Amino acid sequence: MPEVAVPGSKSITARALFLAAAADGVTTLLRPLRSDDTEGFADGLTRLGYRVGRTPDTWQVDGRPQGPAAPEADVYCRDGATTARFLPTLAAAGHGTYRFDASPQMRRRPLLPLTRALRDLGVDLRHEEQEGHHPLTVRAAGVEGGEVTLDAGQSSQYLTALLLLGPLTREGLRATVTDLVSVPYVEITIAMMRAFGVEVRREGDTFVVPPGGYRATTYSVEPDASTASYFFAAAAVTGGEVTVPGLGEGALQGDLGFVEVLRRMGARVTVGRDATTVRGTGELRGLTVNMRDISDTMPTLAAIAPFASGPVRIEDVANTRVKECDRLDACAENLRRLGADVATGPDWIEIRPGAPLVGGTGIKSYGDHRIVMSFAVTGLRVPGISFDDPGCVRKTFPGFHEEFGALRARLGTA
């Protein structure tokens, strides 16, 4: 049975870098993801004055509970949303003047709910151009803490940033959310904070974080469940079998729930103690599914939906419109290029079975790694699919095309 070595989780690596930088002592990260996003995060920490030692399979970070060593810094966040949202929050706990900017793509993505909450906590933060977007400057003088209200309806990363900040404040934090998407990502944050010595309490819509800082540790990064979705989907559409080691019953990432969607469509799924296997059965049924909590895997499902025997309707995914691109529209546009029958609404997409898809089609990537990786799965059943920007996968998985090509050969669809 083909085993696929999926690289480390981007979400977990980014959180681990923040926690390691904030902790008292030296933290060792085992098998972190090495990609454009995570390298950008590590480089940002270095610019702020943290010491980050990198070898291929292990990163070590010297924590500074008092905040950045540099009294001032200019940090470029590249395309990374976690970098662009977490690093200004980390810097606010220190003392100094820190400027942050990002790529044109990341500049377009919203920040306002987070920066509004930071200002409510007394942080001196100024957006230089468009309000609620990069570039921004933080004049840091530590954070007192206290109560704050947050709208996390666009991104759970806003809440994660505040939770991570909580132990670095002088009196702790009570963060009340008025709306929240991608709840499993918040659960990842809370579980990881526990591993670094902090217990977050939840009282309804309020998250209570104690002061007192973090303890350094050795932390092992599990494989990326969102990335694994492309390989699981490959098995489902080809009738093959794929096993991803390192992702099993104890996995932190909610996106492993994508295999349950494949199970509903007819695939055979086994989630073991330390591995997950998906086997295609030659059948893909249509379904209606709410993907609010696993929205990063929405493009994966959309990309295989034309091969289902009935309509596939994906609901409650409005937040995918403010990712690296408008993923709802990007999926719809590319599926229509392939000849699929597609309808969309504000927070849903429906793909209906119909005529065979058209080979030799160019896929428009919109610079989004998840669009490319998703439609690579479509290419297992439709010949001649090409991409205008295949290299954008370096954001999370620089070796994706090689690994996927090897799997294609093993599944006999080369």
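Student: An account of the overall build of the protein is requested, with residue identities and associated values reported.
Tutor: Across its full length, the protein carries 13 helices and 23 strands. Computed over the C-alpha atoms, the radius of gyration of the protein is 21 Å, within 12% of the 22 Å expected from 2.2 N^0.38 for a compact globule of 414 residues. With respect to the principal axes defined by its C-alpha atoms, the protein has extents near 60 × 40 × 40 Å. A total of 414 residues make up the protein; the buried ones form 60% of that total. If you take every contact in the protein between residues at least 6 apart in sequence, the share linking residues at least 24 apart comes to 72%.

Student: I'd like a description of the state of the cysteines, backed by residues and values.
Tutor: Under the definition given, this model contains 0 disulfides. Cys331 carries a free sulfur, and the closest cysteine sulfur to it, the one in Cys325, is 7.6 Å from it. Residue Cys331 is classed as buried on the basis of its relative accessible area, which comes to 0%. You can see Cys392 has no disulfide; the closest cysteine sulfur is in Cys325, sitting 9.2 Å from it.

Student: Explain the sheet that holds strand S21 (residues 349-352) residue by residue, including any values.
Tutor: With respect to topology, 4 strands assemble into an open sheet ordered S18-S19-S21-S20, the strand pairing being mixed. Every interior strand has two partners, whereas the edge strands, strand S18 (287-290) and strand S20 (341-344), have only one. Averaged over neighbouring strand pairs, the angle between their axes works out to 10 degrees when direction is ignored. Where helix H11 (residues 327-337) meets the sheet, it contacts S20 and S21, and its direction lies at approximately 160 degrees from that of S20.

Student: Can you explain the sheet that holds strand S11 (residues 201-203)? Please cite residues and give values.
Tutor: Spatial ordering of the open sheet is given by S9-S10-S12-S11, a layout of 4 strands whose pairing is mixed. Because the sheet does not close on itself, it has two edges, and the strands there are strand S9 (146-152) and S11. Averaged over all neighbouring strand pairs, the angle between strand axes comes to 25 degrees, with direction disregarded. Together, S9, strand S10 (173-180) and strand S12 (206-209) form the strand contacts of helix H6 (residues 157-165), whose direction differs from that of S9 by roughly 160 degrees.

Student: Outline the packing of helix H12 (residues 369-378) against helix H13 (residues 400-410), listing residues and values.
Tutor: Running from N to C, H12 and H13 point in directions that differ by 15 degrees, and their axes come no closer than 12 Å. Overall, the two elements H12 and H13 adopt an arrangement that is roughly parallel. Two packed elements cross with a definite hand, and for H12 against H13 that hand is right-handed. Contact with H12, carried on its side by Val372, Met373, Ala376 and Val377, involves Phe400, His401, Phe404 and Arg408 of H13 and no other residues of that element. Tallied by class, residues from the contact of H12 with H13 come to 6 nonpolar, 1 polar and 1 charged.

Student: Explain H11 to me, and be specific about the residues and the numbers.
Tutor: Those residues of H11 lying buried are Arg327, Leu328, Ala330, Cys331, Ala332, Asn334 and Leu335. Residues of H11 that are buried make contact with helix H10 (298-304), S20, S21, strand S22 (362-363) and H12. For H11, the capping residue at the N-terminal end is Asp326, with a side-chain oxygen 3.3 Å from the backbone nitrogen of Leu328. Phi turns positive one or two residues past the end of H11, at Gly339, with a value near 100 degrees.

Student: How would you summarise helix H3 (residues 81-92) if you had to cite specific residues and measurements?
Tutor: Working note: α-helix, 3.6 residues per turn, so residues spaced by three or four point in the same direction. In a regular helix each residue adds 1.5 Å, so 12 residues correspond to 16 Å; H3 covers 17 Å between its end C-alpha atoms and thus fits that length. Turning to H3, its buried residues are Ala81, Thr82, Thr83, Ala84, Arg85, Phe86, Leu87, Pro88, Thr89, Leu90, Ala91 and Ala92.

Student: Describe the pattern of salt bridges, with residues and values.
Tutor: Here the structure, examined in full by the defined rule, presents 37 salt bridges. When the shortest N-O distance is used, the salt bridge between Glu144 and Arg170 registers 2.8 Å. Separated by 26 residues along the polypeptide, Glu144 in the loop between strand S8 (136-141) and S9 and Arg170 in the loop between H6 and S10 bring together distant segments of the chain. Arg292 is the partner of Asp316 in a salt bridge, and the nearest nitrogen-oxygen pair spans 3.4 Å. Linking Asp316 in the loop between strand S19 (312-315) and H11 with Arg292 in the loop between S18 and H10, this pair joins segments that are 24 residues apart in sequence.

Parameters and conventions
Residues numbered from 1 in each chain as written. Predicted model: local features only at pLDDT ≥ 70, side-chain atom pairs only at ≥ 80, totals over all residues. Heavy atoms only, no water. Helix = DSSP H or I, 4+ residues; strand = E, 2+ residues; numbered from the N terminus. Rg over C-alpha atoms; globule rule 2.2 N^0.38 Å. Buried < 20%, exposed > 50% of the residue type's maximum accessible area, 1.4 Å probe, protein only. Contact = heavy atoms within 4.5 Å. Disulfide = S-S within 2.5 Å. Pairing = 2+ DSSP bridges. Axes fitted to C-alpha atoms, helices over the stretch in contact; angles between N-to-C directions. Parallel < 35°, antiparallel > 145°, perpendicular 65-115°, else oblique. Left-handed = near helix turned anticlockwise from the far one by under 90°. Nonpolar A, V, L, I, M, F, W, Y, C, P; charged D, E, K, R; others polar. Polar contact = N/O pair within 3.5 Å; in protein donor to acceptor, adjacent residues only side chain to side chain. Expected span 1.5 Å × (residues − 1). Salt bridge = Lys/Arg side-chain N within 4 Å of Asp/Glu carboxyl O.

Scope: geometric values only; no functional claims are made or implied.
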